[in-house]
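Listed here are the chains, written in short residue letters.
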Amino acid sequence: VGQRLLDRADRPALTFVDVPPVVERLGGADLASVVSDLLGRPWTDPRLCRAMGERLLGTGWIARLNFVRRTGDGRFEVSARYRMPMAMVRQGNDFLLLDAEGVRLPGAYFPDPAWKVIQGVRASAPLAGEAWPGDDLKAGLLLQRDCLVHGPVFNPFELGWGESARGQLLLGGEQLRRA
């Protein structure tokens, strides 16, 4: 009888126990939607937690998955180390987010003067969850990290990394919204 009650449970709740507020705001819908169809499966399906974890890792928002587990009340909990947005890269008309390791985060965003923007990156944008290649991007991220620790010397900080290519690291604050 207990097994039947668990199998009949209506779409169990999913809780991200340690998601940072910025990731919840920018990526919460991505994280929830990628597993929403799995929540229709029987709660006792032995492959369910693994399937949820694999999909969540594929979103680009998660750097390391600690666990996906069932709770005793028909719910699921997810614990992970999330990729935190650190910089925005402008490519053409697109504004894309990166974490501190240069991994592209999902989505495109509206430009916001309060956010740091790296411009003039030569390499094309990778898929979400993949590292963005190129020494020019790495240099921009290093400068940005240094400015976050020591504060900007001036704004904007212009970088030249070639005769014909030129990039800018624009320094600012914290507001961002998804396009």
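Remember, predicted model here, so these are calculated numbers, not experimental data.

(A) Geometry of helix H3 (residues 48–57). Listed in full, the buried residues belonging to H3 are Leu48, Cys49, Ala51, Met52, Gly53 and Leu56. Against strand S1 (14–16), helix H2 (21–35), strand S2 (62–70) and strand S3 (76–82) lie the buried residues of H3.

(B) Structural detail: the environment of Ala80. On the secondary structure map, Ala80 appears in strand S3. Using a relative accessible area of 7% as the deciding quantity, one classes Ala80 as buried. Taking the C-alpha atoms as reference points, Ala80 and Val19, separated by 61 residues in sequence, lie 7.5 Å from one another. If we ignore the near neighbours within four places in the chain, the residues touching Ala80 are Asp18, Ile62, Arg64, Leu65 and Asn66.

(C) Spatial organisation of the environment of Asp30. Turning to its location among the elements, Asp30 is positioned in helix H2. For Asp30 and Gly60, which are 30 residues apart along the polypeptide, the C-alpha to C-alpha distance reads 9.5 Å. In this structure the side chain of Asp30 is engaged in a polar contact, spanning 3.0 Å, whose partner is the side chain of Trp61.

(D) A look at the sheet that holds S3. The strand order S1-S3-S2 describes an open sheet built from 3 strands, whose pairing is mixed. Of all the strands in the sheet, just S1 and S2 have a single pairing partner and so form its edges. Between one strand axis and the next, the sheet turns by 20° as a mean value, whatever way the strands run. Two elements, S2 and S3, share 7 bridges in a ladder whose sense is antiparallel. What sits directly across from Arg64, in S3, is Arg81. Against the sheet, H2 engages S1, S2 and S3, with an angle of about 145° to S1. Each of S1, S2 and S3 is contacted by H3, which is oriented at about 160° to S2, the strand it contacts most.

The rules behind the values
Residues numbered from 1 in each chain as written. Predicted model: local features only at pLDDT ≥ 70, side-chain atom pairs only at ≥ 80, totals over all residues. Heavy atoms only, no water. Buried < 20%, exposed > 50% of the residue type's maximum accessible area, 1.4 Å probe, protein only. Helix = DSSP H or I, 4+ residues; strand = E, 2+ residues; numbered from the N terminus. Contact = heavy atoms within 4.5 Å. Polar contact = N/O pair within 3.5 Å; in protein donor to acceptor, adjacent residues only side chain to side chain. Pairing = 2+ DSSP bridges. Axes fitted to C-alpha atoms, helices over the stretch in contact; angles between N-to-C directions.

By themselves these figures say nothing about function.
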